[in-house]
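Structural characterization, general
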Amino acid sequence: MQGKCMIRFGVLGAGRIARTFSEAMHGTEGVLYAVASRDGLKAAAFKEDFQFEVAYGSYEAMLKDPLVDCVYIATPHAFHYEQMLASIEHGKAILCEKAFTLNRHQAEIVFARAKAKGVFVMEAMWSRFLPVLREAITHVEAGTLGDLTHFEANFSFKADHKLSDQSRLFNLALGGGALLDIGIYPINFAHVFLGLPKHVDATVTRHHTGADLSEVITFQYDKATARLTAGFDSEAPIEATLYGTKGKLHMPLFWALEKAILYDMDDTVVDVIEQPHRINGFEYQIEDVIACLQAGKLESLVMPHQTTLDMLGLMDGLRAAWDLKYPGESFFE
Ligand SMILES: NC(=O)c1ccc[n+]([C@@H]2O[C@H](COP(=O)([O-])OP(=O)(O)OC[C@H]3O[C@@H](n4cnc5c(N)ncnc54)[C@H](OP(=O)(O)O)[C@@H]3O)[C@@H](O)[C@H]2O)c1
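Residues numbered from 1 in each chain as written. Predicted model: local features only at pLDDT ≥ 70, side-chain atom pairs only at ≥ 80, totals over all residues. Heavy atoms only, no water.

Another point: the pattern of salt bridges. What the rule picks out here adds up to 13 salt bridges. Its salt-bridge partner being arginine 8, residue aspartate 69 comes within 3.8 Å of it at the nearest N-O pair. Separated by 61 residues along the polypeptide, aspartate 69 in the loop between α3 (59–63) and β4 (70–73) and arginine 8 in strand β1 (residues 8–12) bring together distant segments of the chain. Each of Lys98, Arg168 and Asp181 takes part in salt bridges that share partners, so that together they form one network. (Salt bridge = Lys/Arg side-chain N within 4 Å of Asp/Glu carboxyl O. Helix = DSSP H or I, 4+ residues; strand = E, 2+ residues; numbered from the N terminus.)

As a further point, take the sheet that holds β4. Pairing is parallel in the open sheet, where 6 strands are placed in the order β3-β2-β1-β4-β5-β6. Each of the sheet's edge strands pairs with one partner strand only, and the pair in question is β3 (54–56) and β6 (121–123). Averaged over all pairs of adjacent strands, the angle between strand axes in this sheet comes to 20 degrees, irrespective of strand direction. Pairing of β1 with β4 involves 4 bridges; the strand directions are parallel. Each bridged residue has a counterpart across the sheet, and for valine 11 the counterpart in β4 is tyrosine 72. Across the sheet, helix α1 (residues 16–25) lies against β1, β2 (31–36), β4 and β5 (93–96), angled at about 165 degrees from β1, the strand it touches most. (Pairing = 2+ DSSP bridges. Axes fitted to C-alpha atoms, helices over the stretch in contact; angles between N-to-C directions. Contact = heavy atoms within 4.5 Å.)

Moving on, we get to the domain arrangement of the protein chain. Interfaces are frequently sized by the accessible area removed from exposure as the parts join. Domain assignment breaks the protein chain into domain 1 (8–127 + 291–298) and domain 2 (132–276). In this structure, domain 1 and domain 2 have C-alpha centres spaced 27 Å apart. Counting from both sides, the interface comprises 13 residues of domain 1 and, opposite them, 13 residues of domain 2. Run the count over domain 1 and domain 2 and you get 1 salt bridge. (Domains from an automatic or database assignment.)

Have a look at this one:
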């Protein structure tokens, strides 16, 4: 492991996104140390696929391993809360997939326990770490677009025809619904550029499981508006555009941003910010986690705890308006 930073990661849940994470880890200084699955054979196969050092047939067994420094939680949202609390109990740093928890209250408890234990925690909102977005933010802050007036973003794909009611996208017991899965991206991007809205409105359609199938959300700010859409029921283009008094910034495939185009008021391209992912885009958030752990920080400046709380608070408010509760959920706005 010479040349590596020796921060050993343990992947909790050997599913789809765990594969993306593990692939990205190979291009960072972090050590792909352990993988845990509820199924020992699945863990062993995953270990071979990505050259982990150890495979565990239970999550608890991995958390007991003193060599694991940081746990990457890659299970459906509904399990994140309990799994983070267990990780904190074992003194592990945490990178947890989005949505961080089902609601703001759960996140408050996680952060309070992590702080008490002196443990680093971050929501894996990977898009915020992408170099093209960081450069776009610099442009916007420098006034390239003038005063910001409007933000539009859509994240949709069609899944309702092919996935069962038991899939994590539609099963409420797993935290199903478009808002927590993909609506979270337009909401995060609106927050990156415009901060927290003063007023929120939304309409929703429901899947027959009760999960939100699609939503149209409007945010109102002092001098700007945002219109955000998300859904599992259409193939509408995944893109975002930020408008200002001097031009606009177009971000195709914004959640995985590799290219952003700046236009002036005559619709002439004035700059193209482009940087293909070095691996798959997850490497940038992993590098931030490693830097934070090496510096002894308990939270990231790019994805601080307050941002996670603010985003969950907005989503709680939307779900409250839609009367959409997850099973057993006793607290939300
Ligand atoms: N950042 C991104 O771009 C991105 C993309 C997709 C998903 N995600 C997030 O990543 C998380 C996982 O998504 P995914 O698509 O990877 O999910 P997934 O493949 O359906 O499940 C991931 C793993 O969670 C465990 N799991 C699944 N169903 C479970 C159940 N009913 N009870 C207990 N554990 C269960 C399983 O691990 P074992 O069988 O190995 O124990 C499974 O392999 C979600 O929170 C999602 O929002 C993020």
